Amino acid sequence: MENRIHHARLRSKRPLANHTVEYLFSHDEPDLHFRPGQFLSLRVGTSASGHAERRSYSIASSPEQRGELLLVLRLVEDGVGSQFFAAMAPGDPISFTGPMGFFVNDLSHPGDVVYVATGTGIAPILPMLIETLSRPEPGRVELYWGLRHEDDLFWQDELQTLTAKHPRFKAHIYLSQPRGFWRERGRVVPPVLEALPSLNRPTFYLCGNGQMIAECKAALIARGVERKRQIRTEAFFD
Ligand SMILES: Cc1cc2nc3c(=O)[nH]c(=O)nc-3n(C[C@H](O)[C@H](O)[C@H](O)COP(=O)(O)OP(=O)(O)OC[C@H]3O[C@@H](n4cnc5c(N)ncnc54)[C@H](O)[C@@H]3O)c2cc1C
């Protein structure tokens, strides 16, 4: 784990969707290296007892975007971290430790790769997808992304660009409570399990809501997927 404190400044922020905001930071720390999938531990306040309040945020940009760090946050009501970010304006500083974490792509994949995300769990998955698709691996790459309804959608252009560029990539976006017509309706775990028999030596990366991760992982293991070799997880909350 990288314990040194780093600094960056907010360059811009833009709303992406319902309660979801993208924050772009600039830094000039040449030795700040990370792998797609890793996260930062940010100081977001001070507790009543005087201790630093920290929250973790996955890096949503790719390492090639030198001097930049992109974060994507779901702002939750009354959350300490959410209030800190909601109040941020361009030029404001952040301090953080990291990048850290082991939720990164395996160095190579023996077969298909399946990413399963809920909500802002897509944040580390997008740079991981870009990394995997840049490799000369032959397997299919599938994204299953679960959101509640149309107002929660974002990064549709980014995913369409990847789909157009890489024939081996397919994105499946599931809405659990669509307001209008939406073809892929419901929660995200059942279609992943349905796809399982058609997958060749898959590696799974699960990110977002802890309940989705626990459910998906247990169901995959019950169907013969090997926990240690084939499943990687990052739970944002329980
Ligand atoms: C390794 C790691 C990486 C993370 N990366 C991200 C990220 O890239 N983007 C991000 O938005 N969050 C991310 N989180 C969650 C983040 O650290 C905070 O928990 C979240 O921002 C809420 O903090 P808060 O202080 O505002 O609210 P808190 O009071 O700490 O949390 C309130 C409640 O909000 C809910 N909640 C927390 N996070 C989310 C979420 N993302 N979507 C929906 N509901 C949520 C939970 O029920 C939680 O109990 C990550 C967490 C971990 C452990």
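Conventions we followed
- Residue positions within a chain follow its written sequence, with the count starting from 1.
- For a predicted model such as this one, the threshold for reporting local features is a pLDDT of at least 70, and the threshold for listing and counting side-chain atom pairs is 80 or more; totals across whole chains, interfaces and linings nevertheless cover every residue.
- The basis for every side-chain value is the complete set of non-hydrogen atoms in the structure, without hydrogens or water.
- The rule is short: rings of Phe, Tyr and Trp, with Trp giving its six-membered ring, pair when the centres are within 6.5 Å, and they are stacked under 30 degrees, edge-to-face over 60, tilted in between.
- Numbering goes from the N terminus for both helices and strands, where a helix is a DSSP run of H or I of at least four residues and a strand is a run of E of at least two.
- Criterion used throughout: strands pair if DSSP finds at least two bridges between them.
- Every angle, taken between N-to-C directions, lies between 0 and 180 degrees, and every axis is a line fitted to C-alpha atoms, over only the stretch in contact when it is a helix.
- A simple rule labels every residue: compare its accessible area, found with a 1.4 Å probe on the protein chains alone, to the largest value its type can have, and call it buried under 20%, exposed over 50%, or partly exposed in between.
- By the convention used here, residues are in contact when the closest approach between their heavy atoms is within 4.5 Å.
- An automatic or database domain assignment supplies the start and end points of every domain.
- Salt bridges are counted wherever a side-chain nitrogen of Lys or Arg sits within 4 Å of a carboxyl oxygen of Asp or Glu.
- Any pair of N or O atoms that falls within 3.5 Å is considered a polar contact. Within protein, one atom must be able to donate a hydrogen and the other to accept it, and sequence-neighbouring residues count only if both atoms are side-chain atoms.
- Here the term charged refers only to Asp, Glu, Lys and Arg, the term nonpolar to Ala, Val, Leu, Ile, Met, Phe, Trp, Tyr, Cys and Pro, and the term polar to all other amino acids, Gly among them.

It is worth spelling out the packing of aromatic side chains at this point. What the rule picks out here adds up to eight aromatic pairs. Each ring, one from Phe25 and one from Phe85, has its centre 6.5 Å from the other, and the planes form 85°; the classification is edge-to-face. Separated by 60 residues along the polypeptide, Phe25 in strand E2 (residues 20-26) and Phe85 in helix H1 (residues 80-86) bring together distant segments of the chain. When the ring of Trp145 is compared with that of Phe154, the centres are 5.1 Å apart and the planes differ by 85°; the resulting orientation is edge-to-face. Through pairs of rings, three or more aromatic residues link up here, namely Tyr23, Phe25, Tyr57, Phe84 and Phe85.

Below, the discussion takes up the sheet that holds strand E8 (residues 141-147). The strand order across the open sheet built from five strands is E9-E8-E7-E10-E11, with neighbouring strands paired in parallel fashion. If you trace the sheet from one side to the other, it starts and ends with strand E9 (169-175) and strand E11 (231-237), each paired once. When the angles between neighbouring strand axes are averaged without regard to direction, this sheet yields 10°. As paired strands, strand E7 (residues 113-118) and strand E10 (residues 203-209) are joined by five bridges and run parallel to one another. Note on E10: the bridge partner recorded for Val116 is Leu206.

With that settled, consider the environment of Phe154. Structurally, Phe154 can be placed in the loop between E8 and helix H3 (156-165). Judged by relative accessible area, Phe154 falls into the buried class, the value being 4%. Between the C-alpha atom of Phe154 and that of Leu16, which follows or precedes it by 138 residues, the distance is 5.8 Å. Setting aside residues no more than four positions away along its own chain, Phe154 makes contact with Leu16, Ala17, Thr20, Val72, Gly119, Ile122 and Trp145.

With that settled, consider the domain arrangement of the chain. Domain boundaries in the chain define domain 1 (6-100) and domain 2 (113-237). When each unit is reduced to the centre of its C-alpha atoms, the spacing between domain 1 and domain 2 is 24 Å. The interface is formed by 19 residues belonging to domain 1 together with 17 residues belonging to domain 2. Counting across the domain 1 and domain 2 interface gives two salt bridges. Across the pair Arg74 and Asp152 runs a salt bridge whose closest N-O atoms are separated by 3.4 Å. Here domain 1 and domain 2 share four residue pairs in polar contact (both at pLDDT 80 or more) between them. Secondary-structure elements contributing two or more residues to the side of domain 1 that touches domain 2 are strand E1 (6-17), E2 and strand E5 (68-74). For the side of domain 1 that touches domain 2, the element with the highest residue contribution is E5, accounting for four residues. The class makeup of the residues in the side of domain 1 that touches domain 2 is nine nonpolar, six polar and four charged.

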